[in-house]
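Results of the structural survey
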Amino acid sequence: MPTIKPLPELLINQIAAGEVVERPASALKEILENSIDAGAKKITVQLQQGGVKQIRVTDDGSGIAKDELLLALTRHSTSKISTLEDLHRITSLGFRGEALASIAAVSRLTLTSRQAGQNHAWQIGIEGKAVSQPEPAALAGGTMLDVNDMYFNIPARRKFLKSEATEFAHCDETFKRLALSQAGIEFVLQHNGTVRRLLRATSSTQRIAAVLGEEFGQTAAPVDEQSADMRLHGLVALPAYARSSRDAQYFFVNNRFVSDKLISHALREAYRDVLHLDKHPAFALFLEIDPESVDVNVHPTKTEVRFREARALHQFIFHAINKALATPSRTMNTAEP
Ligand code: ADP
Ligand code: MG
């Protein structure tokens, strides 16, 4: 019989990475969530070779103290929760304290950060088990994370990465989701040195148009429905503008992109009588709900959620969309907030 022994830390993180960082786009999601949680007003993403060669994200958020740089890369270390009660009322995008440790276990990572009031930034690098001591570095403020050579140390996994174009497309989709959820933040996306998206801080409606296209922005029906404990707002495409694929379906719960059967079902039902079977609705919708009535700790990637009042929510969404679709079609003036 083989003996039982604890796994080395690096291997533990590499196993966890299998779930959290499937590909460059999933690493990008976690890194962008951290920048948003840090209160950034501007976030720049620079990708090389679809993100496989490099993902560099620079933000102007709170930064990380020199003494905490290593902790930021340590599994199960987080500044976002400290008790079980906190877990039940999550307002940040992250809370599991495992993303950076997982990404660091499957790449060559450099973390540079400068908090307000510091004379200069500090930088640490990590590659496998080798971690460097913090060294002085130059950075205007905030945090810069460099993720290089994803899966360089796990060839079996690297083989599953697709072409540069495909990996970039996944990164772009991740970028779009995060950018839609945070209209007040300026976002820049570069690929191989070329700017692919530049989104200035704006209103939610304007951001939807900037990301999903002016046609969508101008022809979709506005949704704004409020109940005692929830609010749903955003845009839904009129049936005439339905798509032949599900490529424009964005639903956010407290600014977190989610993919949820209950929500999809409510939306499909609302469109049922007005949409051909082979067409799919397009929408960008934001649900604001008491954090205590939704559980986001369902899966490591946090795109699945559970609602305490599932039936009531289903009805609420169904009615809100039904009402928006019944309102006579009009051209929206996206110049208004
Ligand atoms: P989580 O987001 O779940 O806390 P992460 O592994 O993603 O876990 O990040 C660990 C910690 O590192 C965060 O709790 C946060 O304190 C810090 N951190 C990571 N990225 C940034 C950033 N861009 N700006 C400021 N702090 C950050
Ligand atoms: Mg995080």
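Above this text sits the structure in question.
Please read all numbers here as calculations on a predicted model, not as lab measurements.

With that settled, consider the site of ligand 1. The local shell around ligand 1 holds 22 residues, among which Asn34, Ala38, Ala72, Thr78 and Gly94 are the closest. Counting only elements with at least two residues in the shell around ligand 1, the list comes to α2 (24-37) and α5 (99-105). Of the residues assigned to the shell around ligand 1, the class counts are seven nonpolar, 10 polar and five charged.

Here we take up the nonpolar core. In terms of nonpolar packing, the biggest core is built from 91 residues, with Ile103, Val223, Val236, Phe283, Leu285, Ile317 and Ile321 touching the most fellow members. Per element, the largest residue contribution to this core is seven residues, and it comes from helix α11 (residues 310-326). If you count residues domain by domain, this core takes at least three from each of domain 1 (9-199) and domain 2 (219-326). If we ignore the near neighbours within four places in the chain, the residues touching Ile317 are Leu232, Ile263, Ala266 and Leu267.

Attention now moves to unusual backbone geometry. Within the chain, Asp149 stands out as a residue other than glycine whose phi angle is a positive 55 degrees. Relative to the helices and strands, Asp149 resides in the loop between β7 (142-148) and α6 (155-158). Of the residues examined, Asp149 has 16 C-beta atoms within 10 Å and is grouped as partly exposed.

Glancing now at the sheet that holds strand β13 (residues 256-257). Ordered in space as β10-β11-β14-β12-β13, the five strands form an open sheet in which the pairing is mixed. Both edges of this open sheet fall to β10 (221-226) and β13, since each of them pairs with a single strand only. One ladder, built from seven bridges, connects strand β11 (residues 230-236) with strand β14 (residues 283-289); its direction is antiparallel. What sits directly across from Met230, in β14, is Ile289.

Here α2 contains 14 residues, and its C-alpha end-to-end distance of 20 Å stays within 8% of the 20 Å for a straight helix at 1.5 Å per residue. When you tally the buried positions in α2, you get 12 out of 14 residues, the bulk of the element. Those residues of α2 that fall on the buried side of the exposure criterion are Pro24, Ala25, Ser26, Ala27, Leu28, Lys29, Glu30, Ile31, Leu32, Asn34, Ser35 and Ile36. Residues of α2 that are buried sit in contact with α1 (9-20), β1 (42-48), β2 (54-59), α5, β7 and α7 (164-181). In the stretch just after α2, Gly39 is the one whose phi turns positive, near 80 degrees.

A few words on the packing of α2 against α7. At a closest axis distance of 8 Å, the pairing of α2 and α7 adopts a crossing angle of 25 degrees. By the angle between their directions, the pair α2 and α7 is classed as roughly parallel. As α2 runs across α7, the sense of the crossing is right-handed. On α7, the residues touching Pro24, Ala25, Leu28, Lys29, Leu32 and Ile36 of α2 are Glu167, His170, Cys171, Glu173, Thr174 and Leu178. Counted by class, the contact of α2 with α7 contains seven nonpolar, two polar and three charged residues.

What counts, and where the lines are drawn
Residues numbered from 1 in each chain as written. Chains lettered and ligands numbered in written order. Predicted model: local features only at pLDDT ≥ 70, side-chain atom pairs only at ≥ 80, totals over all residues. Near = placed C-beta within 6 Å. Helix = DSSP H or I, 4+ residues; strand = E, 2+ residues; numbered from the N terminus. Nonpolar A, V, L, I, M, F, W, Y, C, P; charged D, E, K, R; others polar. Core = buried A, V, L, I, M, F, W, Y, C linked by C-beta atoms within 7 Å. Buried ≥ 20, exposed ≤ 12 C-beta atoms within 10 Å, placed from the backbone. Domains from an automatic or database assignment. Contact = placed C-beta atoms within 7 Å. Pairing = 2+ DSSP bridges. Expected span 1.5 Å × (residues − 1). Axes fitted to C-alpha atoms, helices over the stretch in contact; angles between N-to-C directions. Parallel < 35°, antiparallel > 145°, perpendicular 65-115°, else oblique. Left-handed = near helix turned anticlockwise from the far one by under 90°.

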